[in-house]
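Examination of the molecular architecture
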Amino acid sequence: MTRTTWRGTLRRLPWWLAAAALAIGCLIWIYPFLWMVAASLKTSAEVFTKGLDLLPADPAWENYERAWGEAQFGKYLLNTVIVTVATVVVVVVRCAMAGYVIARHDFRGRRIVMGVLVATLFVPAGYTIIPLVDLAQRLGMLNSLTGMILAMSGAAHVAAILLYVGYFRGIPKELTESALIDGAGFTTVFFRIMLPLAKPVTATVTVLTFLSTWNAFFLPLVFTFSRPDLRTVSVGMLAFVGENTTDWSGMAAAATISLLPVVALFIALQRYFVEGIAGAVKS
Amino acid sequence: MTVALSPPGARRPRAARNTLFVWLFLTPTVLLYGAFTVYPIVGSYVYSLTDWNGFDASPSFIGVANYREVLADPMFWSSFRLTLTFMVVAVPIQVLATLLLAIVLNSPRMPLRKLFRTALFLPVVTTTAIVGVVMQFVFDPASGPVNLALRELGLAPDGVDFLGQSSTALGTAIGVYVWKWFGITLVYWLAALQTVPSEVYEAARLDGAGALNTLRYITMPLLKPFLVIITLLSIEASLQVFDLVLTMTGGGPFYSTEVIEVYIYRWAFAATIPRLGYASAAAVLFGLFICLVGLLQLLAIRATRRARGAA
């Protein structure tokens, strides 16, 4: 009995050694974040004299006060939340509706719609930014959160539509037919039957859109050139270090404020993040 | 009987009403996507033929002069080369290193594999622009943690100005890029490995195949189609590094990290007299290049499908 457990342990040993090596690797991997959080709690002097120590002598919470108030990260965070939530809602609704009709209804022009979507699947932001800003300005939407939201929900998200198309196609016809016989209308079928069934896709689309909108930079940057009060956290961060090159602890506190929500959400909903991204390969 | 219940004329209005709803459902996508994706793609071509100095000014048609100028600009070619270098260096490292790690992390015998996956994936969810700014400080030559560590270990007593000198800036940017997006490729590979049914491994084990032989003769051939898709997704991503580069180096020092998107941005938004037509021409050329990559992508996927069908 003892011999077999011995052998089992011995066989496991390489795996534990690999795990130990990986653990060290992972610690180095996330060290920049640990350093950032540590720096956000240090005094300005400590950041320079004790750069590698992760624990500050006495947490300096005033860095957060400075980043939140003086550097306006409280405001930037609110802007980011507003833009992200609104964009996610618009994207989910418009992509689900488009995906539903493309998947379940035969209409004239369907192939053209589908063709245009697939042809523009990979469009880099740098490519469309000039006409986009021009259009936004002519519509009077530049320098406003509404404009930013509309532009972000209009840009790309083809993959989301395709995900819905794929899912709605797989739902058996009988489900909607019986509802139609009962006299359910077009919108009832969609909102009461199809959309609730598509919850897994909605979860994936929500998570992926949340991620891309929260982390967006190019579009918020050019949309807020003349309105610093509308900056999102990513744009605010660049402006902050441009103005305060020596305030390391303030920078670290601002970065921590900006990254904390998305990291917390990731840890809470990790499954959806990973599945959503893995879905891109499987399909 | 059903015919008697609904008169033949009743079908037509219903179909017409359905069509109405179909387009009603498509309206938000047609409007938003049309305005903010399709129009800009088409618009770029029109604007690229104009001389246009700022969004307030009115563009004037000048034909293909912008293209002639862009193609003659050594800075454009330099940025094009930097974009390609970024891709050629970052993609193979990313794809191959994540494959090896995914194989290790996919084994059920690996302890703590979920925790490792989470840690390695963490940079992916963080905001690139913010990471770029933080990295300016991490790589600071005087007090950044990287240089402090190098000094402590005695590797570089004078410190290395990673982002401040032309010779190391691009390499550092590529390194940070690989670190930032490593987790996403890792998850692609883990998803690909999940598609290999466990019975296949079971059968191989019963036939007496060792770990290396299983890897070579079973896992690798099954992963081949995924290699094409994952490589192409990684290529696509490596062409879009604007957020990271602009916040980390701003394209400098001495334009040594100015990739195409930063070049476009500089002419359109950061110049004292913006040249939107000129920048559009550069954007169109970049777009055509992406199209070419996309086309190769389709051909490669078709080729692997055919290979899989033949096997």
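Basis of the calculations
Residues numbered from 1 in each chain as written. Chains lettered and ligands numbered in written order. Predicted model: local features only at pLDDT ≥ 70, side-chain atom pairs only at ≥ 80, totals over all residues. Heavy atoms only, no water. UniProt positions renumbered as here; feature names shortened; annotations may be inferred. Helix = DSSP H or I, 4+ residues; strand = E, 2+ residues; numbered from the N terminus. Buried < 20%, exposed > 50% of the residue type's maximum accessible area, 1.4 Å probe, protein only. Lys, Arg positive; Asp, Glu negative; His and termini not counted. Salt bridge = Lys/Arg side-chain N within 4 Å of Asp/Glu carboxyl O. Contact = heavy atoms within 4.5 Å. Domains from an automatic or database assignment. Buried area = accessible area lost by both parts, 1.4 Å probe. Polar contact = N/O pair within 3.5 Å; in protein donor to acceptor, adjacent residues only side chain to side chain. Patch = residues over 30% accessible without salt bridge, like charges linked within 9 Å, V, L, I, M, F, W, Y side chains within 5 Å. Areas by Shrake-Rupley, 256 points an atom, 1.4 Å probe, with all protein chains shown as cover. Phe/Tyr/Trp six-rings, centres within 6.5 Å; stacked < 30°, edge-to-face > 60°. Lys NZ or Arg CZ within 6 Å of the ring centre and 35° of its normal. Axes fitted to C-alpha atoms, helices over the stretch in contact; angles between N-to-C directions. Parallel < 35°, antiparallel > 145°, perpendicular 65-115°, else oblique. Left-handed = near helix turned anticlockwise from the far one by under 90°. Nonpolar A, V, L, I, M, F, W, Y, C, P; charged D, E, K, R; others polar. 1 Å grid on protein atoms, 1.4 Å probe; cavity = no way out; pocket = protein on both sides within 12 Å on 5 of 7 lines; lining within 4 Å. Points joined across faces, edges and corners; volume = space filled by probe spheres on them.

- Where an unreviewed UniProt entry is consulted, chain B appears under the name ABC transporter permease subunit, with the organism given as Nonomuraea phyllanthi.
- Comment text from UniProt for chain B, heading Subcellular location (unreviewed entry), reads "Cell membrane".
- Chain B has a UniProt comment under Sequence similarities (unreviewed entry) that states "Belongs to the binding-protein-dependent transport system permease family."

- Where an unreviewed UniProt entry is consulted, chain A appears under the name ABC transporter permease subunit, with the organism given as Nonomuraea phyllanthi.
- Turning to chain A, the UniProt annotation filed under Subcellular location (unreviewed entry) states: "Cell membrane".
- Quoted verbatim from the Sequence similarities (unreviewed entry) field of the UniProt record, the comment on chain A reads "Belongs to the binding-protein-dependent transport system permease family."

So, the UniProt feature "transmembrane region" (unreviewed entry) in chain A
- The UniProt record annotates "transmembrane region" (unreviewed entry) at residues 12-34, 76-100, 112-133, 145-165 and 248-269 of chain A.
- Helix makes up 86% of residues 145-165 of chain A and strand 0%, with an end-to-end C-alpha separation of 30 Å.

So, the side chain of Glu261(B)
- Turning to its location among the elements, Glu261(B) is positioned in helix 12 (residues 260-270).
- No salt bridge forms around the buried Glu261(B); measuring N to O, its nearest opposite-charge neighbour Arg266(B) is 14 Å away.

Here's the deal with the environment of Ile260(B)
All names here are of chain B.
- Here isoleucine 260 is to be found in helix 12.
- The class of isoleucine 260 is buried, set by a relative accessible area of 1%.
- Taking the C-alpha atoms as reference points, isoleucine 260 and phenylalanine 80, 180 residues apart in sequence, are found 5.7 Å from one another.
- When sequence neighbours within four positions are dropped, the list of residues in contact with isoleucine 260 reads Ser79, Phe80, Thr83 and Phe286.

Considering the domain arrangement of chain A
All names here are of chain A.
- Domain assignment breaks chain A into domain 1 (13-60) and domain 2 (73-282).
- Contact with domain 1, which involves eleven residues of that partner, is made by nine residues of domain 2.
- By the criterion of area lost to domain 2, the three top residues of domain 1 are Met36, Ser40 and Phe48, representing 53% of everything that side buries.
- Across the domain 1-domain 2 interface, the total number found is zero salt bridges.
- Summed over the shared surface of domain 1 and domain 2, the result is zero residue pairs in polar contact (both at pLDDT 80 or more).
- Those elements that provide at least two residues to the side of domain 1 that touches domain 2 are helix 2 (31-40) and helix 3 (44-49).

So, a nonpolar patch on the surface
Residue and element names in this part refer to chain A.
- On the surface, Trp6, Leu10, Leu13 and Leu17 cluster together into a nonpolar patch covering about 470 Å² of accessible area.
- As for its position among the elements, leucine 13 is in helix 1 (residues 2-29).
- On the accessibility criterion, leucine 13 (44% relative accessible area) is partly exposed.

What to know about the packing of aromatic side chains
- Enumeration according to the criterion identifies 39 aromatic pairs over all chains in this entry.
- Ring geometry for Phe217(A) and Phe242(B): centres 6.1 Å apart, planes at 35°, overall tilted. In this pair, Phe217(A) sits in the loop between helix 12 (199-214) and helix 13 (218-223) while Phe242(B) sits in helix 11 (residues 242-248), so the two residues belong to two different chains.
- On the basis of an interplanar angle of 70° and a centroid distance of 5.0 Å, the ring pair of Trp267(B) and Tyr278(B) is categorised as edge-to-face. Taken together, the residues Trp267(B) in helix 12 and Tyr278(B) in helix 13 (residues 276-310) connect sequence positions eleven residues apart.
- Taken together, the aromatic side chains of Tyr100(A), Tyr164(A), Phe168(A), Phe186(A), Phe190(A), Phe191(A), Phe21(B) and Phe25(B) make up a single cluster linked through ring pairs.
- Looking at Lys180(B), its charged tip hangs above the ring of Trp181(B), at a distance of 3.8 Å from the centre.
- The cationic tip of Arg275(B) hangs over the ring face of Tyr278(B); the distance from NZ or CZ to the ring centre is 4.5 Å.

Things to note about the interface of chain B and chain A
- The interface of chain B with chain A comprises 90 residues on the first partner and 91 residues on the second.
- Taken together, both faces of the contact between chain B and chain A bury some 8,200 Å²; the carbon and sulfur share is 80%.
- When the buried area of chain B at its contact with chain A is split by residue, Phe25(B), Phe36(B) and Phe137(B) rank highest and sum to 10% of it.
- Linking chain B to chain A there are zero salt bridges.
- At the surface where chain B touches chain A, the tally comes to eleven residue pairs in polar contact (both at pLDDT 80 or more).
- Broken down by element, the residue count for the side of chain B that touches chain A peaks at 23 residues, all from helix 2 (residues 11-47) of chain B.

Section: the packing of helix 5 (residues 113-125) of chain B against helix 8 (residues 166-194) of chain B
Residue and element names in this part refer to chain B.
- Contact pair helix 5 / helix 8: the axes reach a minimum separation of 6 Å and the direction vectors enclose 125°. Taken together, the axes of helix 5 and helix 8 are oblique relative to one another. Of the two possible hands of crossing, helix 5 and helix 8 adopt the one that is left-handed. On helix 8, the residues that touch Arg117, Leu120, Phe121, Pro123 and Val124 of helix 5 are Trp179, Lys180, Trp181, Gly183, Ile184, Leu186, Val187 and Leu190.
- Tallied by class, the residues present in the contact of helix 5 with helix 8 amount to ten nonpolar, one polar and two charged.

Digging into empty space enclosed by the protein
Residue and element names in this part refer to chain A.
- Taken as a whole and judged by the stated rule, the model has one cavity of 30 Å³ or more.
- In terms of lining, the largest cavity is formed by Thr80, Val83, Thr84, Met152, Thr213, Trp214, Ala216, Pro220 and Thr232.
- Residue assignment for the lining of the largest cavity shows that the elements contributing at least two residues are helix 5 (73-104) and helix 12.
- Per element, the largest residue contribution to the lining of the largest cavity is three residues, and it comes from helix 5.

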